[in-house]
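Remarks on the overall topology
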Amino acid sequence: MGLRSPVAAGLAGLVAMTAPGAAAASGAGMAESCATCHGLDARPRGAIPRLAGRDAAELAQALRDFRDGRRPGTVMGRIAKGYTDAEIDAVAAAIARPGKGR
Amino acid sequence: MNRRELVAGVAAAAASGRAARAAVAPRVVIVGGGYGGASVARALRRIAPQVRVTLVERQAPFISCPRSNGVIGGLAEMGEITFGDAGLREAGIGVVRGEAAEIDPAKRQVRLAGGRRLEYDRLVLSPGVDFIWNGVEGYDEAASAAMPHAWKAGPQTLLLRDQLRAMPDGGLVVIAAPADPYRCPPGPYERACLIAGYLKREKPRSKILILDAKDSFSKQPLFQEAWTTLYPGMVEWVPASRAGRVRSVRAGEGVVSTDFDDHRPAVANIIPPQRAGAIATKAGLAEATGFCRVDPVTFESKVAPGVHLVGDAIMPGDMPKSAFSANTQGKACAYALAAIFRGETPAEPVLLNTCYSLAAADYGFTVAGVYKPLDGALRLVKGSGGISPVGADAGTHALEAQYGRSWFDTLTAELYG
């Protein structure tokens, strides 16, 4: 499978269309849930892996690998299974660029 | 490209025009400074700094229920779960020390116990739970001085710890676990583990009897595995179907009764049935379940417009009542409020819960879930979540214990640091 680049993820985010009811979650909004363990600046205290400084493609690939069972972990496989490819790209982009898109 | 991907663009496109519509400072009043309320307040300061945020909290300092089982089991001190409000104040949150006595959704006012009134544009209630006294016959607030619940952390936590310290070796500890729904579903069973750990170290002839008002519980196979491997012969669980439900207590005589047995334990920990915190119940926001139904996108009450609720007081669908849930709900509520103040339609949240439990200091496991709005409630995303694998090796348990500690330190620093 081809890796989606951060640029491609960003372009997907720019496509606008009117939708009935509520809009889907923003990457920044979804990343808030990641922050509960990994920290708002992706620099957690203690043993949980730090995500700060990793780029969006690397984070998205890690999430796909957790989701698809290609990467061992404790809880991340169970979490990543709840996200679509588009959500994984959006959340990875938001974590890689903290403070953007709010 | 599916609908969700396309819709994702709406929020991004809206972001560009949002600065132009800054309104005059909207006022948000938050009742409750626990994990839910503090999360709303902190998130609003970050994402909508123009909003005037007032937080009403009656208890100072805040004492965390997560990790309080560690205090009971001798793995942590009270100081490690106690947090002042200086961090909240320094973040620009107006902390009001007091008790919210009444809300008036029509006038958009909160009246405090002293008579002071706070006006709001949006109100957020995060009042946690209240106990249903005499839900177990004879178990009221006075009885909790002899048979602690320790289900709100603080003096009750120390009371239970000290009773365990004072009891003789060979004594019986009874834990009465309530029926669903209640705060922290795995909590009674984690407590059994950490008390067993203390007893194994200090009073190894002692036993723990869990008298349960239900027939199954959160992370059940993991707890049962831990009881067998770590504390063989020490922990017995009696489900409701084998008359486990505690019907009544006589606190003065130290008696705990089920339909068939009267127990006279050395230590009785009675966890009573619960409902939404008093302010929500009094305002008529709770349903027959005792808890409040909210919109899964905005967390606005289904009953009172302009009043939002997060945390243990709500019945949000599939999300369990946990500090993690309260935190992600609180942040989602803040995002929705920020959108409402911008005149935009709030985006649908994707929410997460991960509950860490300890069976011993270096033995942890989790239950997790990802939740999305569906048909008016937050529903578990199919295929996501679940519990840690049974039969995991010691290294995995040690890692999950470390991650649990890391989660606690990271989150409490961000809310209260």
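Residue positions are given per chain, counted from 1 along the sequence in the order it is written. All chains are assigned letters beginning with A, and all ligands numbers beginning with 1, in the order in which they are written. With pLDDT at 70 or above as the cut-off, local features in this predicted model cover only qualifying residues; side-chain atom pairs require 80 or more to be listed or tallied, and sums for whole chains, interfaces and linings still use all residues. To obtain the side-chain values, all non-hydrogen atoms of the structure were included, while hydrogens and water were left out.

1. Quick look at the environment of B:Tyr363
Residue and element names in this part refer to chain B. Structurally, the position occupied by Tyr 363 is in strand β21 (residues 363-374). The class of Tyr 363 is buried, set by a relative accessible area of 9%. Between the C-alpha atoms of Tyr 363 and Arg 379, which are 16 residues apart in sequence, the distance is 30 Å. What makes two residues a contact is simply this: any of their non-hydrogen atoms within 4.5 Å. Not counting residues up to four positions away in its chain, the partners in contact with Tyr 363 are Glu 225, Ala 226, Thr 229, Leu 230, Ser 357, Leu 358, His 397 and Ala 401. In this description a helix means any DSSP run of H or I spanning at least four residues, a strand means any run of E spanning at least two, and both kinds are numbered starting from the N terminus. When a residue's accessible area, from a 1.4 Å probe over protein chains only, is under 20% of the maximum for its type it is buried; when over 50% it is exposed; and in between it is partly exposed.

2. Thoughts on the packing of helix α2 (residues 27-38) of chain A against helix α5 (residues 85-96) of chain A
Residue and element names in this part refer to chain A. Interhelical geometry of α2 versus α5 gives an angle of 80° and a closest axis separation of 8 Å. Here α5 runs roughly perpendicular to α2, going by the angle between their axes. Touching Gly 27, Ala 28, Met 30, Ala 31 and Cys 34 of α2 are Glu 87, Ala 90, Val 91, Ala 94 and Ile 95, all from α5. Throughout, the ten residues Ala, Val, Leu, Ile, Met, Phe, Trp, Tyr, Cys and Pro are labelled nonpolar, Asp, Glu, Lys and Arg are labelled charged, and all others, Gly among them, are labelled polar. Classifying every residue of the contact of α2 with α5 gives 8 nonpolar, 1 polar and 1 charged. Geometry is summarised by axes, namely lines fitted to C-alpha atoms with helices restricted to the contacting stretch, and by angles between N-to-C directions that run from 0 to 180 degrees. For classification, angles of less than 35 degrees are called roughly parallel, those exceeding 145 degrees roughly antiparallel, those between 65 and 115 degrees roughly perpendicular, and all remaining angles oblique.

3. Structural notes on the pattern of salt bridges
Think of a salt bridge as a Lys or Arg side-chain nitrogen and an Asp or Glu carboxyl oxygen that are within 4 Å of each other. By the definition in use, this model includes 31 salt bridges over all chains. Note that A:Arg70 and A:Asp68 form a salt bridge whose closest N and O atoms lie 3.5 Å from each other. Classification of A:Arg70 as partly exposed rests on a relative accessible area of 49%. Close ionic contact of B:Arg58 with B:Glu99 constitutes a salt bridge, the shortest N to O distance being 2.9 Å. Taken together, the residues B:Arg58 in the loop between β2 (52-57) and β3 (62-63) and B:Glu99 in the loop between β5 (94-97) and β6 (100-104) connect sequence positions 41 residues apart.

4. Quick notes on the domain arrangement of chain B
All names here are of chain B. Start and end points for every domain follow an automatic or database-based domain assignment. Here chain B is partitioned into domain 1 (3-58 + 98-131 + 275-345), domain 2 (143-272) and domain 3 (350-411). A separation of 25 Å is found between the C-alpha centroids of domain 1 and domain 3. Approximately 1,500 Å² of surface area, both sides summed, lies buried where domain 1 meets domain 3, with 68% of it carried by carbon and sulfur atoms. Defined in terms of a 1.4 Å probe, buried area is the accessible area two parts forfeit on being brought together, summed over both. When the buried area of domain 1 at its contact with domain 3 is split by residue, Pro 296, Asp 318 and Phe 324 rank highest and sum to 40% of it. At the surface where domain 1 touches domain 3, the tally comes to 1 salt bridge. Between Asp 318 and Arg 379 there is a salt bridge, with the nearest N and O atoms lying 2.8 Å from each other. By the criterion applied in these results, polar contacts are pairs of N or O atoms within 3.5 Å in which, for protein atoms, one can donate a hydrogen and the other can accept it, and in which residues neighboring in sequence qualify only through two side-chain atoms. One can count 7 residue pairs in polar contact (both at pLDDT 80 or more) joining domain 1 with domain 3. For the side of domain 1 that touches domain 3, the element with the most residues is helix α9 (residues 323-341), which contributes 7 residues.

5. So, the sheet that holds strand β12 (residues 207-212) of chain B
Residue and element names in this part refer to chain B. Should DSSP find at least two bridges between two strands, the strands are taken to pair. Read from one edge of the open sheet, 4 strands run β13-β12-β11-β17, paired in parallel fashion. In this open sheet, the two strands that pair with only one neighbour each are β13 (235-238) and β17 (267-270). Along the sheet, successive strands turn relative to each other by an average axial angle of 15°, direction set aside. As defined by bridge partners, β12 adjoins β13 across 4 bridges and the pair is classed as parallel. Of the residues in β13, the one forming a bridge with Ile 208 is Val 235.

6. As for the sheet that holds strand β7 (residues 109-112) of chain B
Residues and elements named next belong to chain B. Strand order in this open sheet of 3 strands is β6-β7-β8, and the pairing throughout is antiparallel. Unpaired on one side and paired on the other, β6 and β8 (117-119) mark the two borders of the sheet. Averaged over all adjacent pairs, the angle separating strand axes in this sheet is 20°, with direction ignored. Both β7 and β8 contribute to a ladder of 3 bridges, which runs antiparallel. Across the sheet, Gln 109 pairs through a bridge with Glu 119, a residue of β8.

7. Remarks on the nonpolar core
Generally speaking, nonpolar side chains in soluble globular proteins are found buried as a group. Residue and element names in this part refer to chain B. The criterion is simple. A nonpolar core is a set of buried Ala, Val, Leu, Ile, Met, Phe, Trp, Tyr and Cys residues joined through side-chain atoms within 4.5 Å. Ranked by size, the top nonpolar core spans 101 residues in total, and within it Val 110, Leu 123, Leu 125, Phe 299 and Trp 407 carry the most contacts. Two domains each provide a minimum of three residues to this core, namely domain 1 (3-58 + 98-131 + 275-345) and domain 3 (350-411). Residues within four places of Leu 125 in sequence aside, it is in contact with Val 31, Ile 103, Ala 280, Leu 285, Val 307, His 308, Leu 309 and Val 310. With 36 residues, the next largest nonpolar core counts Leu 222, Met 234, Ala 359 and Phe 365 among its residues.

8. Observations concerning the side chain of B:Gln156
Residue and element names in this part refer to chain B. One can find Gln 156 in helix α5 (residues 155-166). At 2.9 Å, the side chain of Gln 156 and the backbone oxygen of Ser 144 are in polar contact. Beyond its immediate sequence surroundings of up to four residues, Gln 156 is in contact with Ser 144, Ala 145, Pro 148, His 149 and Ala 150.

9. Structural notes on the pairing of β7(B)
Residue and element names in this part refer to chain B. Sheet analysis places β6 next to β7, joined by 4 bridges and oriented antiparallel. Its bridge partner being in β7, Glu 102 is matched across the sheet by Arg 111. The antiparallel hairpin formed by β6 and β7 contains 4 residues in its connecting segment, where Arg 108 sits at a positive phi of about 55°. From the end of β7 to the start of β8, which pair antiparallel, there are 4 residues, and Gly 115 there has a positive phi angle of about 105°.

10. Examining the confidence of the model for chain B
Per-residue pLDDT for chain B averages 95, and the proportion of residues at 70 or more is 94%. Each residue carries a pLDDT score, the predictor's confidence in it, ranging from 0 to 100. Per-residue pLDDT stays below 50 along residues 1-23 of chain B; that stretch engages in 39 contacts with residues further than four places along the chain or on separate chains.

11. A closer look at the packing of aromatic side chains
Residue and element names in this part refer to chain B. Note on aromatic pairs: the rings of Phe, Tyr and Trp (six-membered ring only in Trp) are paired at centre separations within 6.5 Å, and the planes decide the class, stacked below 30 degrees, edge-to-face beyond 60, tilted for the rest. Taken as a whole and judged by the stated rule, the model has 16 aromatic pairs over all chains. Taken together, a centroid distance of 6.3 Å and an interplanar angle of 45° make the contact between Phe 217 and Phe 223 tilted. One aromatic cluster is present, built from ring pairs that chain together Tyr 189, Phe 217, Phe 223, Trp 227, Trp 237, Tyr 363 and Phe 365. For a ring to carry a charge above it, either NZ of a lysine or CZ of an arginine must fall within 6 Å of the ring centroid while also lying within 35 degrees of the normal to the ring plane. Residue placement shows Lys 152 over the ring face of Phe 131; its charged tip is 5.2 Å from the ring centre.

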